[in-house]
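Each chain is listed here by its residues.
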Amino acid sequence: MLRFQLLELIKEPAEIRENIAAANYIQLKTQLSRSTIMKVLAQLKQGGYVKIDNGILKEISHLPLRY
């Protein structure tokens, strides 16, 4: 679910993507808790799967199919 939302966010126009934090976008679209979202995003960032600056999704590089 989180993977799908990240892929949807990266498809959004830059104006939208630059004005909403990835965690907020995912939380609006899902029923996941903020702590769960933040934990997974931190792990994805640490693994080099996503680039997030100040909460803003900048880049995705090959997300795992299951996480």
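Residues numbered from 1 in each chain as written. Predicted model: local features only at pLDDT ≥ 70, side-chain atom pairs only at ≥ 80, totals over all residues. Heavy atoms only, no water.

Draft legend 1. The arrangement of the overall build of the protein in detail. If you tally the helices and strands in the protein, you get four helices and two strands. Listing each helix as α and each strand as β along the protein from the N terminus yields α-α-α-α-β-β. Over its C-alpha trace the protein gives a radius of gyration of 11 Å, about what one expects of a compact globule, namely 11 Å for 67 residues. Each principal axis of the C-alpha distribution contributes one length, and for the protein these read about 30 × 25 × 20 Å. For the protein, the share of sequence-separated contacts (at least 6 apart) that also reach a separation of at least 24 residues comes to 46%. Side chains of the protein give 10 positive and 6 negative charges; the mean places of these two sets differ by 9 Å. (Helix = DSSP H or I, 4+ residues; strand = E, 2+ residues; numbered from the N terminus. Rg over C-alpha atoms; globule rule 2.2 N^0.38 Å. Contact = heavy atoms within 4.5 Å. Lys, Arg positive; Asp, Glu negative; His and termini not counted. Charge placed at Lys NZ, Arg CZ, Asp CG, Glu CD.)

Draft legend 2. Structural detail: the layout of surface pockets. Volume-wise, the second largest pocket comes out at about 150 Å³. Those elements that provide at least two residues to the lining of the second largest pocket are helix 3 (22-29) and helix 4 (34-46). Residue composition of the lining of the second largest pocket, grouped by class: seven nonpolar, two polar and two charged. (1 Å grid on protein atoms, 1.4 Å probe; cavity = no way out; pocket = protein on both sides within 12 Å on 5 of 7 lines; lining within 4 Å. Points joined across faces, edges and corners; volume = space filled by probe spheres on them. Nonpolar A, V, L, I, M, F, W, Y, C, P; charged D, E, K, R; others polar.)

Draft legend 3. Spatial organisation of the side chain of T30. Position of T30 relative to the elements: it lies in the loop between helix 3 and helix 4. What makes T30 buried here is its relative accessible area of 6%. From its side chain, T30 meets the backbone oxygen of I26 in a polar contact 2.8 Å long. One polar contact links the side chain of T30 to the main-chain amide nitrogen of L32, over a distance of 3.3 Å. (Buried < 20%, exposed > 50% of the residue type's maximum accessible area, 1.4 Å probe, protein only. Polar contact = N/O pair within 3.5 Å; in protein donor to acceptor, adjacent residues only side chain to side chain.)

It is worth stressing that arrangement in space is one thing and function is another; only the former is reported here.
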